[in-house]
Amino acid sequence: MKTLLKVFFAFSILFSTFLSAQTITKSTFLVKGECGMCKDRIETTAKKNGAASASWNADTQKLDLEFDANKVSADEILKKIAEAGHDNERFSTTESVYENLPACCHYDRSPSFLKANVTEQPQKKDHEFFVRGNCSSCKARIEKAAKDAGANSANWDVETQKVTLDFNPTKTSAEKILKKIADVGHDNEKYKASDDVYKNLPGCCLYDRNLPFGVKGELAHSDEEPTPKNDSPSKADHVGKTLEEIRLVKLKEATALSKKEAGLTYNIGSKELLKAACCNLSESFETNATVDVSFSNAVTGTKQLKMLGLDQKYTALTKELFPEIRGLASAYGLNFIPGRWISGIQLTKGGSTVTNGYESITGQINTEFLKYKNENESSINLFADLNLRTEANITSTQKLSEKWNQSILLHGNGTFGEADYNDDGFLDQPKGNQLNAAYLLNFDDLNESGFGSHFGINFLKDERIAGQKGFDKKLPQSAQSLYGVGIDISRIQLWNKTGYIFKGKPYQSIGWMNQFTHHEQDSFFGFRNYDGKQNTFYSNLIFEGIFGNTNHKYKTGASFLYDDFNENYLIQNYKRTETVPGIFFEYTLTGEKYTLVAGARTDFHNLAGTQFTPKINFKYDFTPKTILRLSAGRGFRTANIFAENQQYFASNRQIEILGNGGKIYDLKPEIAWNYGISLQQEFQLFQRKSTVVADFFRTDFQNQVLTDLDASPQKMLFYNLDGKSAANSFQTQWDFSPAKNFDVRLAYKYYDVQADYLSGRKEVPFMAKNRGFANFSYSTHKNDKGGFWSFDTTLNLVGKQRIPNTKSNPAEFQLPEYSNSYATLNAQIAKDFNKNIRVYLGGENLTSYTQTNPILDAKNPFGNYFDGGMVYAPIMPANVYIGIDLKF
């Protein structure tokens, strides 16, 4: 009998436990915090107030709760957590409680997902629940799942990310309905979809799983490190990729390295661009360690980018994914894109996609213009520095109707000062002005008819004068003894991108891109004249679909490039027309831990012959925080030897072309292979995210057009490579935050770039083997009006560089074989008074390091030894600037 009673008693306990377990609810909520102390506070508060278990993660900002729904509600627990100082998706803490938290616990409150204050009930009606999604396909799937689970009706809204349910509680429950919605792939406030189900959603439905509940992603597919907002017609990932290969989502970081991309791609947003003056594209990389910005001429003051140890001509520089800085625009094109027009930059190192053409060898830098976001926005920017360089920018993005919006972009700049800090008689920077205007018109009806389109027009007029102080541009060079340089450029562009999503097949789309460019340059460098005209038409048709499911995607299409060049150098005329039809195919395979992107294109060049361009990118996630990438690819291009080497025109060097029967300047096209490997590692440091990236890239030229400055100080030779030419690039970069709102970026770069010249194998000149980089950024907490201070400083360490041979010159006009190492320091302080007013003060080259005698024989510019192209360091000392941004 006693045994029977014991069994009955034990069974009763087990049965009671079983019954009580049926009321345990498991839910996940977003709770803001920062460190280990936050974790203890959040979890302890939850348990003290009825949670059976609580686990909070600082990386995801998610709190996993288990509680007895018969005894306590999620709202009661979350309210107590808010009272303890932690904002969450249901309640907000008070300002006084937040301020009394330890300094290490001060999380960012600005991108709020909050629905109510701590003293209020959540701003949600009965039977309303947060469900993540993107598009009309999501809406149909969510509402169908709800009805299948017993709901009488269901209405999901993409803007609020809420589903409103009507159901009979005697027949079903909110939990059952939300569980069914999660089962079909949509995370909600109660349940999370499985990774397998989520990944098999169509591309347009891949919502951002990291955004807080109730926050709408700005476009369909979001990376774990989202990219800047780009083109408004692209409301779905497939169309975004078809039209422009760009995902438009909420930007989280100033510069984000995408963990989803197979290639090594950095997404640079507006926050990063505001860290420095960024008057134009050439100045947009001052806080970026990947791109090197260098002066290339002591007379014209032009800047050039270098990546992976090679000149910018080997990097595809695009705007809105159209070919941009190439051909006759090579020398000065970086000045044609105002910094305040830029909404984001995508920088890819090494192999890029074949859908964008064949000219990318070391990578691609794509610039996106400002577009309408969620509300009308206009701004004015005014800038001036101590050297009387001034500029003004006016931008306006406006919604015209439900489906149409526009962007108006205006820019003007002028340089009026005659700076000559080294007293050599030459201006340290050219005088002149630029007028630049663009108009963008966007049509978005992708969710209904499936169509979206983007139109753009850009007009530019740029006039510059340089040379000796006192030179009069109104008089011909022959009528005066002073040496002068005049550069007049006019440019107009028209472009369109149109896309269509196939009905019922959101993973299938087609996009067509077209652009026409007319570019004219009239210039003289003393008695050396150079002028040219270029007409370019570019067209690219891309079709995107899947094989079976979205783990197997493909893109295929055809492109056409037409280049008409007419150049005059001295008394010689060079004309050529390049027509290049091409076809391409790219396949993307996505696995649980890997992504493979393999593509190839064939281009039928009328002058360079048929060219085959394969590219491959592979990413493997050892863990979510340890990522390996491999890449390999081929590229080819036709050299524009005059336009790309204008930095040497202000000299006495005579040009000689040692032709070999090619059809472009009697030279053959350039061909190169690029190989890369990188390792990305994330870890926690100071209770915050820290990232280290190490990469190595090698570029091997099968054919290269060499610019030989070593044969003679009085000559510049062009010829095709006969031997080997290779560039090895190693970079390691460490990003971390030692304190709240304090970001540090450290980098080291090593370059080994050599080529076989006629005189033997040599290091490529003006390329430092060793470079160091450090950037420090700090901002204060925002006040009630959204105001805050921000501080930024960047230190660049540049090692010695080889200088072309000048030993045959007289001793006073000889340069050493290697330059000295040097350091530059840039810094900026900005004050945001509120969301609409920002003032900034900055300094460039605050170390005031300048190159000694950057111009050889400056006193005799018409003599045999004059040379303004031997530049390896800054020409101007420390400079201070001030600016103001107004939004309305």
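Definitions and limits used
- Residues numbered from 1 in each chain as written.
- Predicted model: local features only at pLDDT ≥ 70, side-chain atom pairs only at ≥ 80, totals over all residues.
- Heavy atoms only, no water.
- Pairing = 2+ DSSP bridges.
- Helix = DSSP H or I, 4+ residues; strand = E, 2+ residues; numbered from the N terminus.
- Phe/Tyr/Trp six-rings, centres within 6.5 Å; stacked < 30°, edge-to-face > 60°.
- Buried < 20%, exposed > 50% of the residue type's maximum accessible area, 1.4 Å probe, protein only.
- Lys NZ or Arg CZ within 6 Å of the ring centre and 35° of its normal.
- Axes fitted to C-alpha atoms, helices over the stretch in contact; angles between N-to-C directions.
- Parallel < 35°, antiparallel > 145°, perpendicular 65-115°, else oblique.
- Left-handed = near helix turned anticlockwise from the far one by under 90°.
- Contact = heavy atoms within 4.5 Å.
- Nonpolar A, V, L, I, M, F, W, Y, C, P; charged D, E, K, R; others polar.
- Polar contact = N/O pair within 3.5 Å; in protein donor to acceptor, adjacent residues only side chain to side chain.
- Expected span 1.5 Å × (residues − 1).
- Core = buried A, V, L, I, M, F, W, Y, C linked by side-chain atoms within 4.5 Å.
- pLDDT = per-residue confidence, 0-100.

## Looking at the pairing of strand β26 (residues 594–605)
Here is step 1 of the chain: When strand β25 (residues 572–590) meets β26, the two strands line up antiparallel, connected through 9 bridges. Bridging across to β26, T588 finds its partner in V597.
Here is step 2 of the chain: Remark: 3 residues form the turn of the hairpin made by β25 and β26, two consecutive strands paired antiparallel.
Here is step 3 of the chain: Inspection of the sheet shows β26 paired to strand β27 (residues 609–623) by 12 bridges, in the antiparallel sense. Paired with R601 across the two strands is T613, which belongs to β27.
Here is step 4 of the chain: The loop that links β26 with its antiparallel partner β27 comprises 3 residues.

## Some words on the packing of aromatic side chains
Here is step 1 of the chain: A full pass over the atoms with the stated rule returns 40 aromatic pairs.
Here is step 2 of the chain: A centroid spacing of 5.7 Å and a plane angle of 55° characterise the contact between Y574 and Y665, whose relative ring orientation is tilted. Of this pair, Y574 sits in strand β25 while Y665 sits in the loop between β29 (654–658) and β30 (670–685), and the two are 91 residues apart along the sequence.
Here is step 3 of the chain: Take Y574: its relative accessible area is 19%, and that puts it in the buried class.
Here is step 4 of the chain: Aromatic side chains Y778 and F791 sit 6.4 Å apart centroid to centroid with 20° between the ring planes, which places their arrangement in the stacked category. Of this pair, Y778 sits in strand β37 (residues 770–779) while F791 sits in strand β38 (residues 788–798), placing them 13 residues apart in sequence.
Here is step 5 of the chain: Look at F791 and you get partly exposed, because its relative accessible area is 34%.
Here is step 6 of the chain: What links up through ring pairs into an aromatic cluster is the set F451, Y500, F502, F543, F547, Y554, F585 and Y587.
Here is step 7 of the chain: Cation over ring: R209 sits above Y198, and NZ or CZ is 4.3 Å from the ring centre.

## Topic: the packing of helix α5 (residues 136–148) against helix α6 (residues 174–183)
Here is step 1 of the chain: For the pair α5 and α6, the least separation of the axes is 8 Å and the interaxial angle reads 135°. By the criterion of interaxial angle, the relationship of α5 to α6 is oblique. Of the two possible hands of crossing, α5 and α6 adopt the one that is right-handed. From α5, I142, A145, A146 and D148 reach across to α6, where they touch I177, K180 and I181.
Here is step 2 of the chain: A per-class count over the contact of α5 with α6 returns 5 nonpolar, no polar and 2 charged.

## What about the side chain of R326?
Here is step 1 of the chain: The residue R326 is located in the loop between β13 (322–323) and β14 (342–349) in this model.
Here is step 2 of the chain: The exposure class assigned to R326 is buried, which follows from its relative accessible area of 13%.
Here is step 3 of the chain: Polar side-chain contacts of R326 include one of 3.1 Å to the side chain of E359.
Here is step 4 of the chain: Not counting chain neighbours up to four residues away, the residues in contact with R326 comprise E359, Q534, T536, L561 and D563.

## Structural notes on helix α2 (residues 36–48)
Here is step 1 of the chain: Along its 13 residues, α2 runs 18 Å from first to last C-alpha, staying within 8% of the 18 Å computed at 1.5 Å per residue.
Here is step 2 of the chain: If you follow the buried residues of α2, they end up packed against β2 (51–57), β3 (62–68) and α3 (74–83).
Here is step 3 of the chain: G50 sits one or two residues past α2 and shows a positive phi near 110°.

## Considerations on the sheet that holds strand β32 (residues 705–708)
Here is step 1 of the chain: Strand order in the open sheet formed by 3 strands is β29-β33-β32, and the pairing between neighbours is mixed. In the strand order of this sheet, the two ends are held by β29 and β32, each with one partner. The average undirected angle you get between the axes of adjacent strands in this sheet is 20°.
Here is step 2 of the chain: Both β32 and strand β33 (residues 715–720) contribute to a ladder of 4 bridges, which runs antiparallel. Looking across to β33, one finds that T707 is bridged to F718.

## Comments concerning the pairing of β25
Here is step 1 of the chain: The sheet contact formed by strand β24 (residues 549–569) and β25 spans 18 bridges and is antiparallel. Paired with E567 across the bridge in β25 is Y574.

## Some details on the sheet that holds strand β12 (residues 315–319)
Here is step 1 of the chain: Across the sheet, which stays open at both edges, the 6 strands sit in the order β7-β8-β14-β15-β12-β13 with mixed pairing between neighbours. At either margin of the open sheet sits one strand with a lone partner, and together these are β7 (255–257) and β13.

## A short note on the nonpolar core
Here is step 1 of the chain: Among the nonpolar cores identified, the biggest contains 45 residues, and F525, I641, F642 and F649 are the most heavily contacted of them.
Here is step 2 of the chain: For this core, the elements supplying multiple residues, two or more each, are β20 (451–467), β21 (484–502), β24 and β33.
Here is step 3 of the chain: With residues near it in sequence (within four places) discarded, F525 still touches T300, Y332, Y483, G484, V485, I487, Q646, F649 and A650.

## So, the confidence of the model for the chain
Here is step 1 of the chain: Chain-level statistics for the chain give a pLDDT mean of 87 and a share of 91% at 70 or above.
Here is step 2 of the chain: Taken together, the stretch residues 7–22 has pLDDT below 50 and engages in 0 contacts with residues farther than four places along the chain or on a different chain.
Here is step 3 of the chain: Across residues 218–252 the pLDDT falls below 50, and counting only partners more than four positions away or on other chains, this stretch makes 168 contacts in the model.

## Thoughts on α5
Here is step 1 of the chain: For α5, which comprises 13 residues, the first-to-last C-alpha distance of 18 Å matches the rise-based estimate of 18 Å (1.5 Å per residue) to within 8%.
Here is step 2 of the chain: All of the buried residues along α5 are C138, R141, I142, E143, A145 and A146.
Here is step 3 of the chain: Packed against the buried residues of α5 are β5 (153–157), β6 (162–166) and α6.
Here is step 4 of the chain: Directly beyond the C-terminal end of α5, a positive phi value near 110° is found at G150.

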